[in-house]
Amino acid sequence: MSSSFSGRTVLVTGATSGIGYETARRLAERGATVLLHGRTPEEAQAAADRLVATAGVNGARLRPLAADFVRLEEVENLAHAVVREHPRLDVLVNNAAIAAPERHTLTADGNEISFQVNFLAHYLLTTMLEPALTSDPGGRVVNVSSALHRSGAIQWNDPQRARRYSRLAAYAQSQLALTVFAADPRVTAVSVDPGVCETGLLPLYGHEGAPAAEGAEHVVRLCDPATEIVNGAYYDRSERVAPAVAATEERTVKRLSKLADLLVGHTA
């Protein structure tokens, strides 16, 4: 399988820990050039150094990049840097995520923090990377979602959840939005629930999880050009299953992109 990734360039968001880090490791081991995204330049560089030191990954295959998804301006700068330095991007893995905090929290951009970090930042990044994302067979976006998207609802009239806030509902909304976005016709994308793993998000799900490396395998498989994908498909680990009904409704997909464009300030 090693050769399938050689010569391919993959951007992994949230690659400094958990599933993102393990995904980056596997991709680099298999020959991909990995753009390793972290919140700060220091965190991204430390993750790259760790991969070289502990996994024996060739440092020439790693490019640390930084953007704090709490600031959409940083997401825009990241997108510009990628398009400039890597005009051909084969795969984008939208993995960065935070658990919604106990208290309702808005970013400087005015968005509920988990909605912005888990969805809006990825929406903005993906749409801005469109010119670089190859339309060749095998080019794709892989959204790391969650089965919790099924319990989510997009509050169209109050997406920031200012009126009624619950951290679980906010997190579920962010995951549902990310899953709906996979069906956007502008990009070839799929969503995957990597299973409950030992990551920073584990408290949302319970007390025990599989190793992050196990979840990463499911993500890497969907990055592989040998794995044929259908736009908007949703995977529960390695199995393709139907997502929540909303994620397959054309009307919802259109409505979400309209809302997202408005919230990220990219009005058509």
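Residues numbered from 1 in each chain as written. Predicted model: local features only at pLDDT ≥ 70, side-chain atom pairs only at ≥ 80, totals over all residues. Heavy atoms only, no water.

Moving on to the environment of Gly 152. By the element assignment, Gly 152 lies in the loop between strand 5 (140–144) and helix 5 (167–181). On a C-alpha basis, the gap between Gly 152 and Gln 173 in space is 4.7 Å, while along the polypeptide they are 21 residues apart. When residues no more than four places from it in sequence are discounted, the contact partners of Gly 152 are Ala 172, Gln 173 and Leu 176. (Helix = DSSP H or I, 4+ residues; strand = E, 2+ residues; numbered from the N terminus. Contact = heavy atoms within 4.5 Å.)

A word on empty space enclosed by the protein. Per the counting criterion, the structure on display carries 1 cavity of 30 Å³ or more. For the largest cavity, the calculated volume is near 40 Å³. Around the largest cavity, the lining residues are Phe 119, Tyr 123, Val 180, Phe 181, Asp 184, Val 253, Leu 256 and Ser 257. Of all the secondary-structure elements, those providing two or more residues to the lining of the largest cavity are helix 4 (113–128), helix 5 and helix 8 (250–263). A per-element tally of the lining of the largest cavity places helix 8 first, with 3 residues. In the lining of the largest cavity, the residues fall into 6 nonpolar, 1 polar and 1 charged. (1 Å grid on protein atoms, 1.4 Å probe; cavity = no way out; pocket = protein on both sides within 12 Å on 5 of 7 lines; lining within 4 Å. Points joined across faces, edges and corners; volume = space filled by probe spheres on them. Nonpolar A, V, L, I, M, F, W, Y, C, P; charged D, E, K, R; others polar.)

With that out of the way, let us pick up the nonpolar core. Among the nonpolar cores identified, the biggest contains 43 residues, and Leu 11, Phe 69, Val 82, Leu 89, Phe 119, Leu 125 and Leu 129 are the most heavily contacted of them. Only helix 3 (72–85), helix 4, helix 5 and helix 8 provide two or more residues apiece to this core. The element contributing the most residues to this core is helix 4, with 10 residues. Discounting residues that sit within four places of it in the chain, Leu 125 has contacts with Leu 11, Thr 13, Phe 69, Val 75, Leu 78, Ala 79, Leu 92 and Asn 94. (Core = buried A, V, L, I, M, F, W, Y, C linked by side-chain atoms within 4.5 Å. Buried < 20%, exposed > 50% of the residue type's maximum accessible area, 1.4 Å probe, protein only.)

It is worth spelling out helix 3 at this point. Taking 1.5 Å per residue as the helical rise, helix 3 with its 14 residues ought to reach 20 Å, and the 20 Å between its terminal C-alpha atoms agrees with that figure. Leu 72, Val 75, Leu 78, Ala 79, Ala 81 and Val 82 are the residues of helix 3 that are buried. For helix 3, the secondary structure elements touched by its buried residues are strand 1 (9–12), strand 2 (33–38), strand 3 (62–66), helix 4 and helix 8. (Expected span 1.5 Å × (residues − 1).)

By the secondary structure assignment, Ala 244 is in the loop between strand 8 (239–241) and helix 8. The spacing of Ala 244 and Arg 186 is 58 residues in sequence and 21 Å in space, taken between C-alpha atoms. If sequence neighbours within four positions are ignored, Ala 244 has contacts with His 149, Arg 150 and Leu 176.

Here the second largest pocket is characterised by a volume of approximately 180 Å³. Together, 14 residues line the second largest pocket, and Thr 134, Ser 135, Gly 139, Val 187 and Thr 188 are the ones closest to its centre.

Next up on the list: the sheet that holds strand 7 (residues 234–236). Sheet strands associate in pairs through backbone hydrogen bonding, adopting either a parallel or an antiparallel arrangement. Within the open sheet, the 8 strands sit side by side as 3-2-1-4-5-6-7-8. Their pairing is mixed. Looking at the sheet topology across the chains shown, the edges are occupied by strand 3 and strand 8. Shown here is a sheet whose adjacent strand axes are inclined to one another by a mean of 25°, direction ignored. Taken together, the 3 bridges between strand 6 (residues 189–193) and strand 7 define a ladder with parallel strand orientation. Residue pairing across strands places Val 192 opposite Tyr 235, the latter belonging to strand 7. Set on the sheet, helix 4 makes contact with strand 1, strand 4 (91–94) and strand 5; between it and strand 4 the angle comes to about 170°. (Pairing = 2+ DSSP bridges. Axes fitted to C-alpha atoms, helices over the stretch in contact; angles between N-to-C directions.)

Time to look at the pattern of salt bridges. Tallied over the entire structure, the rule returns 12 salt bridges. We note a salt bridge from Arg 26 to Glu 22, for which the minimum N-O separation is 3.4 Å. On the criterion of helical spacing, the pair formed by Arg 26 and Glu 22 is a turn pair, its members being 4 residues apart in helix 1 (residues 18–29). We classify Arg 26 as buried; its relative accessible area is 11%. Classification of Glu 22 as buried rests on a relative accessible area of 16%. In this structure, Asp 236 engages Arg 237 in a salt bridge whose closest nitrogen and oxygen atoms are separated by 3.1 Å. One salt-bridge network, held together by shared partners, links Glu 22, Arg 25, Arg 26, Glu 29, Arg 30 and Glu 217. (Salt bridge = Lys/Arg side-chain N within 4 Å of Asp/Glu carboxyl O.)

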